[in-house]
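# Summary of the model geometry
Given next are the chains, with one letter for each unit.
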Amino acid sequence: MREFRLLEKKMVWGKYLFVGGLRNCRIKCPVKKRHYSFIPDDVKTIRTVVNPDISKIRNIGIMAHIDAGKTTTTERMLYYSGYTRALGDVDDGDTVTDFMAQERERGITIQSAAVTFDWRSHRINLIDTPGHVDFTLEVERALRVLDGAVAVFDASAGVEAQTVTVWRQAEKHHIPCICFLNKMDKPTANLSFSIESIRHKLKANPVLLQIPVSSGRSFTGVVDLLTNQKLTWGSKSTRDDGRAFESKALDGSDDADLLHAVREGRTALIEQVADLDDEFADLLLTDFSDNFDAVPSIKLQEAVRRVTLARKGVPVLCGSSLRNKGVQPLLDAITAFLPSPQERHHHLVRCYKEDLCALAFKVVHDKQRGPLVFLRIYSGTLKPQSSILNLSRNNTERISRLMVPFADQYVETSSLSAGNIALTVGLKQTVTGDTIVSSKASAAAAARRAHGDDDGGGVKGKNADVVLSGVEVPDPVFFCTIEPPTMAKQADLENALKCLQREDPSLKVRADPDSGQTILCGMGELHIEIIHDRIRREYNIDTHLGPLQVAYRETILQHGSATDTLDRSIGERRHVVTVELTVTPLDSQSEVASCELTLADDLEDKLSADVRAAVHNGVHSSYLQGPLLGYPVQGVSTFIHSVVTESGTSSAMVSACVSRCMQKALRTAGGKLLEPVMSLEVTVGEEDLGSVLGDLAQRRGTVQDIQSRHDDDKVLVATVPLAEMKGYSTVLRTLTSGTATFSLELDTYQAMSPQEQSVLLKKMSGVL
Ligand SMILES: Nc1nc2c(ncn2[C@@H]2O[C@H](COP(=O)(O)OP(=O)(O)OP(=O)(O)O)[C@@H](O)[C@H]2O)c(=O)[nH]1
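Now for a quick tour of the structure. Source: prediction; values computed, not measured. (Residues numbered from 1 in each chain as written. Predicted model: local features only at pLDDT ≥ 70, side-chain atom pairs only at ≥ 80, totals over all residues. Heavy atoms only, no water.)

### A closer look at the sheet that holds strand 32 (residues 573–585)
- Spatial strand order, 31-32-34-33: 4 strands in an open sheet with mixed pairing. This sheet does not close on itself; its edge strands, each paired only once, are strand 31 (560–570) and strand 33 (595–599). Between one strand and the next, the sheet's axes are offset by a mean angle of 25°, whatever the strand orientation.
- As defined by bridge partners, strand 31 adjoins strand 32 across 11 bridges and the pair is classed as antiparallel. Looking across to strand 32, one finds that Asp564 is bridged to Val579.
- Contacting strand 33 and strand 34 (636–645), helix 15 (residues 609–624) runs over the sheet at an angle of about 140° to strand 34.
- In the packing of helix 16 (residues 651–669) onto the sheet, the strands contacted are strand 31, strand 32 and strand 34, and the crossing angle to strand 31 comes to about 150°. (Pairing = 2+ DSSP bridges. Helix = DSSP H or I, 4+ residues; strand = E, 2+ residues; numbered from the N terminus. Axes fitted to C-alpha atoms, helices over the stretch in contact; angles between N-to-C directions. Contact = heavy atoms within 4.5 Å.)

Here it is as structure tokens:
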């Protein structure tokens, strides 16, 4: 075994300050309830990190609706695999993966945390992702580099709104999933309701692998339908850590109802898997036609694995993480059914063969070490003290240190190979979504292979063909001004925002062209609140935020044409350019979210590349600021009829003239404001439904559906303009005494009525 040294002599783990290395260290400032006097030798966190065989690696994500129990489940996994000594609790604010101060205070996950641990000779790289919709990009970034996922559900609620969103994201990346029905200890937990909601709301094919033993408070374990083993956890007490459990074959002494449910469940499982997997169906018909039930469990397990990998079905397991029941079988299922990196087919990655190819999927700014970049290694090997080529930016950088992430602790290593998640120090230019390779030569070789020319001949391919696709960043919906306490702090604030932006691509910062103020744009109220708080705590700047404003969009009502000439002398040089163009509204639904640009046929040949680029620049800069209120423009197609320049005219002047002409044309075409409309889902008790509906009516909400849940709660589905939703969480809490929950997600941008638009325009111009 290789020796790995700790990165720092003095480490901060959450709010604990370890002095003198992690072995035999003293805690100087303990907070909350976990009272360690030392980190014991048997805790594996810091022991050894070795490169496991790629077939034994599982890169998985844990995803779900807020509060389903992802963090609690992750904590149990770390504990049972021996990587932590005490069970963390989100309600006590001492979990490993929620290590940011704000996460611990609020009991929610904000950033995805990567942890690495071993389970039964497998290496599991696990990412705990946030459930709140404001942090959806964190989920997207994580899913981009994962091979499999565990979707955690509250078994009393079934599929909730945000689960649908993250499930869609996982589908987009073709990620095989396992479902874990958590909270089986709740009196309202309901297995069949949850299974049905997976089938209907996620349009997935649930493959139930376990039958719970009792329900609600008397839930004690599960029967594994693959093996007919009954797994029970001894005590109902929360103090029982669940490490030990009993596993025994079902026999006649077991409860008759349970035996019946298991018999039916196993037969249904065998039939379902045979329907989904031809190989298994052939085996049944040839060797077990007399008695399907005699099929060996290993054959059934292999078939379930094939079904999972082909994404024809999703294994469903159940348990109660908080009561320490059912987590070990979930870990077994992760290793048994989810794919190793080799089983995921990345065509592009095959072109790199043994050469390094990795994707940067997350950047964390560390005050001492600078940017820490998380990489998923797809091929080749990464070593510290080595140069790499950032293919997306075409620049060379140096990795000084290489580490394995364990939440906010990092263990240094001398190499990491394909399939692993690595953390690097030293990459200063790399941002989320960049492709990292070893050299220009290896990129060229991969490009040749991508084009089917593997004979070492000339480079036919372009780098673009061998760059991994990055992460799509959604447009922010809220913005506000941010001001430092004094002008002397402006530079510090700019630096803080630059660092935070590198970490979080969904945070946008811009300067207001009129007032010069700094504008912060984010995905929701909570997102902006967290950023504000981080600037205060991590950068020591007490900023002032202006009122939260909604990010509207602009479009046009009809087509409009304009011609413009710019004639300007700068020094000795005269710049003359004349532009003629037309803007037209796009009407096809699929196109309205974007803008288009077309040049007249003859212009494509007539104009130089520089002038063409300047025209594009001018048009796109006008799309960024519409003529009505300066919001981005969408749903517009621009046609450039002519661009005539005199010799000596600079590209900047061409851009300026195009931009001015665009503004004229957009004004002629008549502007229309579009407002973000959110889809809202509120889960509320029947007694409070009336007041929630009444409040929604005042917010211009449109109720689309009211569904009844098995536990008598109602799920209200509505659309409502974002502008009406500021402070909604507080109002809902008051209306329902804190019992209702809601989720809000951008649905579409909708045209405002002429009356609403005129009120908004007056408000913005200070008339109202
Ligand atoms: N009854 C019950 N409660 C649970 C169970 N698992 C988690 N909880 C509780 O549910 C709440 C949310 O748990 P978390 O683990 O933070 O859920 P999460 O999905 O990570 O939440 P976010 O990160 O905020 O999305 C906490 O109060 C937990 O104690 C369970 O098995 N049974």
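Picking up after the structure, the text goes on.
### Considering helix 16
- Taking 1.5 Å as the rise per residue, helix 16 with 19 residues should run 27 Å; its terminal C-alpha atoms sit 27 Å apart, in good agreement.
- What helix 16 keeps buried is the set Met653, Val654, Ser655, Cys657, Val658, Ser659, Cys661, Met662, Gln663, Ala665, Leu666 and Ala669.
- Looking at the buried positions of helix 16, the neighbouring elements they touch are strand 30 (553–556), strand 31, strand 32, helix 15, strand 34 and strand 35 (671–685).
- Gly670 sits one or two residues past helix 16 and shows a positive phi near 80°. (Expected span 1.5 Å × (residues − 1). Buried < 20%, exposed > 50% of the residue type's maximum accessible area, 1.4 Å probe, protein only.)

### Quick look at helix 6 (residues 256–276)
- Taking 1.5 Å as the rise per residue, helix 6 with 21 residues should run 30 Å; its terminal C-alpha atoms sit 30 Å apart, in good agreement.
- What helix 6 keeps buried is the set Leu258, Leu259, Val262, Gly265, Arg266, Leu269, Ile270, Gln272, Val273, Ala274 and Leu276.
- Turning to helix 6, the residues buried within the fold contact strand 9 (206–208), strand 10 (210–213), strand 11 (221–224), strand 12 (229–232), helix 7 (278–287) and helix 8 (297–309).

### What about the environment of Met678?
- Within the element layout of this structure, Met678 appears in strand 35.
- Met678 gets classed as buried once you look at its relative accessible area, which sits at 5%.
- Between the alpha carbons of Met678 and Arg305 there is a distance of 38 Å; along the sequence they are 373 residues apart.
- If we ignore the near neighbours within four places in the chain, the residues touching Met678 are Ala718, Thr719, Val720, Leu722, Leu744, Glu745, Leu746 and Asp747.

### Structural notes on the pattern of salt bridges
- Within this structure, the stated rule accounts for 31 salt bridges.
- Residue Asp154 pairs with Lys183 through a salt bridge whose shortest N-O separation is 3.9 Å. Placement of the pair is Asp154 in strand 7 (residues 148–154) and Lys183 in the loop between strand 8 (177–182) and helix 5 (191–201), with a sequence separation of 29 residues.
- Arg537 is the salt-bridge partner of Asp533, the closest N and O atoms lying 3.1 Å from each other. One end of the pair is Asp533 and the other is Arg537, both in helix 13 (residues 525–539) and 4 residues apart, which spans about a single turn.
- Residue class for Arg537 comes out partly exposed when judged on its relative accessible area of 31%.
- By sharing partners, the salt bridges in this structure join Lys230, Lys248, Asp251 and Asp254 into a single network. (Salt bridge = Lys/Arg side-chain N within 4 Å of Asp/Glu carboxyl O.)

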